[in-house]
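Residue-level structure breakdown
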Amino acid sequence: MAQFSPLYIHNSLTREKELFTPLNGPYVGMYVCGPTVYSNVHLGNVRTFLTFDIVYRYLSFLGYKVRYVRNITDVGHLTGDSDDGEDKIGKKARLENLEPMEIVQKYTNDFHDVMRIFNMKPPSIEPSATGHIVEQIEAIKSIMGRGYAYESNGSIYFSVRKYNEDHPYGELSGRKIDDLLNNTRSLDGQDEKQDPLDFALWKKADASHLMKWPSPWSEGFPGWHLECSVMSTKYLGTQFDIHGGGMDLKFPHHECEIAQNTGATGEPRSVRYWMHGNMLTVNGRKMAKSEGNGFTPEELISGNHPLLERGYSPMTVRFFMLQGHYASTLDFSNDALQAAEKGLDRLMKALSQLDQLPCAAENDNTEVDIRLLAQRCSDAMGDDFNTPILISVLFDAVKLVNNVADGRLAISPQQKGSLTSMVHGYVFDVLGLTQETTAGADSVGESAGLLDLLVQLRGSAKSNQDWTTADAIRDALGALGIAIKDSKEGSSWERS
RNA sequence: GGUCCGAUGGCCGAGUGGCUAGGCUCAGCUCUGCAAAAGCUGCUACAGCGGUUCGAAUCCGCUUCGGACCUCCA
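Residues numbered from 1 in each chain as written. Chains lettered and ligands numbered in written order. Predicted model: local features only at pLDDT ≥ 70, side-chain atom pairs only at ≥ 80, totals over all residues. Heavy atoms only, no water.

Turning our eyes to something else, we now look at the state of the cysteines. The tally for this structure, following the rule as stated, stands at zero disulfides. Cys33 takes part in no disulfide bond, and the closest cysteine sulfur, belonging to Cys228, lies 3.8 Å away. You can call Cys33 buried: its relative accessible area is 5%. Cysteine Cys377 shares no disulfide, and the gap to the nearest cysteine sulfur, in Cys359, comes to 20 Å. Judged by its relative accessible area of 1%, Cys377 is buried. (Disulfide = S-S within 2.5 Å. Buried < 20%, exposed > 50% of the residue type's maximum accessible area, 1.4 Å probe, protein only.)

Take a look at the structure:
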């Protein structure tokens, strides 16, 4: 890994950029909070998973062996933090008249489809909460054994106040327990709790509750925060490298995870680097299901949504998101999507030119410094996965490719080789962008032959200075979405 | 009410105590039969008011505006 810049990660826990050193290099353990599968994912969810797709890809690119664990939350947690709240999956099951597990399967499938469309790499392990009920019950026993939890009416709650006597609670989100105690909103149905800050480890289910399991305390279901503590520990150990999720999970979810892990083992700091992706906004406001300002990938691609002027391809969206840093909010707009679409197009056109790029000089052109470009790419990613900077460097490479293609610059075969592998590595492997083709795959070969023929016919018309015929062919193809490009070397076509 | 974050050119969006971010748009030019593509040039901004400094958009304070979390949320 000597040729790469050191990697710095902004650690949400310390609020500082820290040099990344894995616990057991070259192995890296990463846990990311996955979706609750009770409805379709929306674009904001996609952004978070994209952020960690980039982290996963870049760590792999650097040569690390990453175990990437991303859970599926399929236990029906309550819609609110009160005892009378309905569970989300159960509610949806009643609405759609399906078994809860049918709901879970349906939206898990949808989630996987979306991840595939956006070219996200699947995680190494994708554990589900319902598959780890036994482990969660064991964890509750450990926490109770250390005196940080109590039973109330068949439910088990984590005692934040008791825990805070031994370990600081609120470190991650920068909260002080006294402030929390003074400012917690009064909610109904918290009679079972000794303290409003306490959170459920196990909830006793009422008769109408559909998803429930036996436990030593009651027939019920585990608390939301517990599954991540349990599954991360099971697959990555009591201490591991990276834990990620959306900014909105910082409090209370991740704070509670820390308390549970420490509460179960007595050892603080189970996670070495906490990473939080920022929110996607619309007109400056967080995109959220409850706001009604999100849309599904289907709507995004088709453009069938009031916020969308037209549809955008998945790679356009991916590129758009990568043009902003993961830790900043990113504002969605049609103008920005369209700008990204054109930029991506220019990048991809340059990439497809790489193969037939002419090489002239045997000796390296000293004006062309591929190593410096590669260095700048590595610096950008090493600085807390700064994809916007990486992309800006890649556009310098685009400029270089175009200059060579137009004969303004000459490069040696060696330079061409290193440029190609460098650019391919960052565009395809690190950023995970793909060349999108709009044509149906089965007819591509045939229509390509026909198009080549038309371009040839137009070429002869041109050499006869028959501009009428030449322009007629170009205009007719243009109307079909095929653009003709003339250059000194001849003409070519491409789908626009 | 509490905690925290942000305010960058026509739009999006990086960055930073002195050195061109980048993309898109717009205008001019080169190339070209014309066009497209590509290239070059220009439009050169850091919310406002004070302060620190040789020097601040970048550090500090205040003001205004916006946002997030405090309740399920990526």
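It is worth spelling out the environment of Leu307 at this point. Here Leu307 is to be found in the loop between α9 (297-302) and α10 (314-322). Considering only alpha carbons, one finds Leu307 and Phe295, twelve residues apart in sequence, at a separation of 8.7 Å. (Helix = DSSP H or I, 4+ residues; strand = E, 2+ residues; numbered from the N terminus.)

Per the domain assignment, the segments making up chain A are domain 1 (8-277), domain 2 (281-430) and domain 3 (443-495). With centres defined by C-alpha atoms, the gap from domain 1 to domain 2 works out at 33 Å. Counting residues at the interface gives 33 residues for domain 1 and 36 residues for domain 2. Surface buried jointly by domain 1 and domain 2 totals about 2900 Å² across both partners, of which 65% is contributed by carbon and sulfur atoms. On the domain 1 side of the contact with domain 2, Leu43, Arg47 and Tyr58 bury the most area, a combined 25% of that side's loss. (Domains from an automatic or database assignment. Contact = heavy atoms within 4.5 Å. Buried area = accessible area lost by both parts, 1.4 Å probe.)

Our next topic: the packing of aromatic side chains. One pass over the structure, following the stated rule, counts 16 aromatic pairs. Ring geometry for Phe20 against Tyr273: centres 5.2 Å apart, planes inclined by 55°, an arrangement best described as tilted. Here the residue Phe20 occupies a position in the loop between β2 (16-19) and β3 (27-32), and Tyr273 occupies one in strand β10 (residues 271-277), the gap between them amounting to 253 residues. According to the relative accessible area criterion, Phe20 is buried, its value standing at 4%. Overall, the relative accessible area of 4% leaves Tyr273 in the buried class. Every member of this aromatic cluster is reached through a ring pair, and the members are Phe4, Tyr58, Phe61, Phe385 and Tyr426. When the ring centre of Phe49 is taken as reference, the NZ or CZ atom of Arg70 above it lies at 5.4 Å. Arg175 extends its terminal NZ or CZ atom over the ring of Phe251, reaching a point 4.2 Å from the ring centre. (Phe/Tyr/Trp six-rings, centres within 6.5 Å; stacked < 30°, edge-to-face > 60°. Lys NZ or Arg CZ within 6 Å of the ring centre and 35° of its normal.)

Contacts to RNA strand B come from 57 residues, most closely from Lys88, Trp224, Leu249, Lys286 and Met287. Among the atoms of RNA strand B close to the protein, meaning within 4 Å, 66% are from sugar or phosphate groups. Here Arg285 contributes a side-chain N or O atom positioned 2.4 Å from a phosphate oxygen of RNA strand B. With respect to RNA strand B, the side chain of Asn386 contributes an N or O atom lying 3.3 Å from a phosphate oxygen. At the level of secondary structure, the elements contributing two or more residues to the surface near RNA strand B comprise α1 (43-61), β9 (240-246), β12 (285-286), β13 (330-332), α11 (334-353), α13 (387-405), α16 (467-479) and β14 (482-487). In terms of residues, the surface near RNA strand B owes the most to one element, α13, which gives seven residues. A breakdown of the residues in the surface near RNA strand B according to their chemical character gives 15 nonpolar, 23 polar and 19 charged. (Near = heavy atom within 4 Å. Polar contact = N/O pair within 3.5 Å; in protein donor to acceptor, adjacent residues only side chain to side chain. Nonpolar A, V, L, I, M, F, W, Y, C, P; charged D, E, K, R; others polar.)

Time to look at empty space enclosed by the protein. One simple way to see leftover space: roll a probe sized like a water molecule over the atoms. Enumeration according to the criterion identifies two cavities of 30 Å³ or more in this entry. Taken as a whole, the largest cavity holds about 110 Å³ of empty space. Lining of the largest cavity is provided by Arg47, Leu50, Thr51, Ile54, Met321, Leu322, Gly324, Tyr326, Phe385 and Thr387. Sorting the residues of the lining of the largest cavity by element identifies α1 and α10 as the ones contributing at least two each. Per-element accounting of the lining of the largest cavity gives the leading share, four residues, to α1. A class-by-class count of the residues in the lining of the largest cavity yields six nonpolar, three polar and one charged. Among the domains, domain 1 (8-277) and domain 2 (281-430) are the pair contributing at least three residues each to the lining of the largest cavity. (1 Å grid on protein atoms, 1.4 Å probe; cavity = no way out; pocket = protein on both sides within 12 Å on 5 of 7 lines; lining within 4 Å. Points joined across faces, edges and corners; volume = space filled by probe spheres on them.)

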